[in-house]
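A look at the structure
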Amino acid sequence: MVTETDLRLADGRVLHVYDTGGADRLAVFWHHGTPNIGAPPAPLFAAADRLGLRWVSHDRPGYGGSTPVPGRDIASAATDVAAVADALGIARFAVMGHSGGGPHALACGALLPDRVVAVVSGAGLAPYDADGLDWFAGMVPSGVASLRAAVAGRAAKEAYETSGVEYDPGFTPADLAELHGDWSWFDSVVGPATQAGPGALIDDDLAYVAPWGFRPERVTPPVLLLHGERDGIVPATHGAWLAGHCPTAELRRYPEDGHISVLRHAGAALEWLRERVDATAAR
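Heads up: these notes are all about the structure in this document. (Residues numbered from 1 in each chain as written. Predicted model: local features only at pLDDT ≥ 70, side-chain atom pairs only at ≥ 80, totals over all residues. Heavy atoms only, no water.)

Regarding the overall build of the protein
Which entries qualify depends on this criterion: Each helix is a run of DSSP H or I of at least 4 residues and each strand a run of E of at least 2, with the numbering of both proceeding from the N terminus. Two things to know: the radius of gyration comes from C-alpha atoms, and the globule rule equals 2.2 Å times the number of residues to the power 0.38. Three labels apply to residues, based on accessible area from a 1.4 Å probe with only protein chains included: buried if under 20% of the type maximum, exposed if over 50%, partly exposed otherwise in between. For this analysis, residues touch if any pair of their heavy atoms sits within 4.5 Å. In this description, accessible areas are obtained by the Shrake-Rupley approach with a 1.4 Å probe, and a residue is regarded as covered only by the protein chains that are shown. In this charge count, Lys and Arg are treated as positive and Asp and Glu as negative; neither His nor the chain ends contribute. Just so you know, the charge point we use is NZ for Lys, CZ for Arg, CG for Asp and CD for Glu.
Along the backbone of the protein there are 10 helices and 8 strands. A compact globule built from 283 residues should have a C-alpha radius of gyration of about 19 Å, and the protein, at 17 Å, falls within 12% of that. Along the longest, intermediate and shortest principal axes, the C-alpha atoms of the protein span 50 × 45 × 35 Å. In the protein, which comprises 283 residues, the proportion classed as buried is 55%. Across the protein, every contact between residues at least 6 apart in sequence was considered, and the portion connecting residues at least 24 apart equals 76%. Carbon and sulfur atoms provide 54% of the accessible area of the protein, an area that totals close to 11,300 Å². Charge separation in the protein, taken as the distance between the mean sites of 21 positive and 34 negative side-chain charges, equals 5 Å.

Now the structure itself:
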């Protein structure tokens, strides 16, 4: 069962928080993609239960029940996660993100190294200023257009999002199979995320192409990166770049998978996470 609460922060903002509970379990903070609300990933509940994991998450600012923060950067995710963890009495925890949630999970690994025990990022973006990376290469045309609008600034991005252009994610057959199977769950988190308009999506995309507020080289907890070779939303070259710049990273590449179907391997990633945490505790 997922408990939902509104956490009021010291600055007056509200974060809408989700928690599957279990004070004796290792908490895994889920970082959602764009545009999603922050409900934890129901397709992974059974695996998490088997491994003794507790899901905690929140709607990123501007989504769902969380207060908008125009101009937020990726690093701000660490501050918000720390506030949620403090409110719930959680000292140490793991983080896991998918797609746009990947950079936010890495932020926690970089900026909360004494609290984050492991990081999993699936199909996550590299920084826009990543040295030596052709950032847009291999990205579907609608993704290029959307993110180039963000590079041009808030006014251009707002104009793009209100122009009526339709985003075509270019999902692979494997992606579509998952979206009609276990990961049809995305229907429950995308719809609510877009009901209030594109504001939170705009804030997300502007943050992806701006300085993140940390460098991936600062991520010191163990990191597992998952990436499908057929991903056209976040090309696999992003995962390869991150693997070369996060000092503790392990990269798993899947030749037949795209942006969504890579989540078929998320259960194995949770096993990796559990093993790394247990190994650390045994030392």
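Don't stop here, the text continues.
Quick word on the nonpolar core
The test is simple: For our purposes a nonpolar core is just a set of buried Ala, Val, Leu, Ile, Met, Phe, Trp, Tyr and Cys residues, chained together by side-chain atoms within 4.5 Å.
Core analysis: the largest hydrophobic core is formed by 50 residues, its most contacted members being Phe29, Phe93, Val95, Leu106, Leu112, Trp135 and Phe214. Residue contacts for Phe214: discarding those within four places in its chain leaves Ile74, Ala75, Pro103, Leu106, Ala107, Ala110 and Leu111. Grouped together as the second largest cluster of nonpolar side chains are 39 residues, Tyr18, Ala39, Ala48 and Ala269 included.

Topic: the pattern of salt bridges
Convention followed: Here, a salt bridge means any Lys or Arg side-chain nitrogen found within 4 Å of an Asp or Glu carboxyl oxygen.
Counted according to the given criterion, the structure contains 21 salt bridges. Here Asp49 makes a salt bridge to Arg25, at a shortest N to O gap of 2.7 Å. Taken as a pair, Asp49 in helix H1 (residues 45–51) and Arg25 in the loop between strand S2 (14–19) and strand S3 (26–31) lie far apart in primary sequence, 24 residues in all. On the basis of relative accessibility, which here comes to 46%, the residue Asp49 falls in the partly exposed class. Judged by its relative accessible area of 27%, Arg25 falls in the partly exposed class.

Regarding the packing of helix H2 (residues 76–88) against helix H3 (residues 101–111)
What counts is decided by this rule: Here, axes are lines fitted to C-alpha atoms. For helices the fit covers the stretch in contact, and angles between N-to-C directions go from 0 to 180 degrees. Geometric relationships in this document are graded by angle, where less than 35 degrees denotes roughly parallel, more than 145 denotes roughly antiparallel, 65 to 115 denotes roughly perpendicular, and other angles denote oblique. Residues are grouped as follows: nonpolar covers Ala, Val, Leu, Ile, Met, Phe, Trp, Tyr, Cys and Pro; charged covers Asp, Glu, Lys and Arg; every other residue, Gly included, is treated as polar.
It is the contact of H2 with H3, at a shortest axis distance of 8 Å, that shows an interaxial angle of 75 degrees. Viewed along their axes, H2 and H3 adopt a mutual orientation that is roughly perpendicular. The residues of H3 that touch H2, namely those facing Ala77, Ala78 and Val81, are His104, Ala107, Cys108 and Leu111. Among the residues making up the contact of H2 with H3, the classes are represented as 6 nonpolar, 1 polar and no charged.

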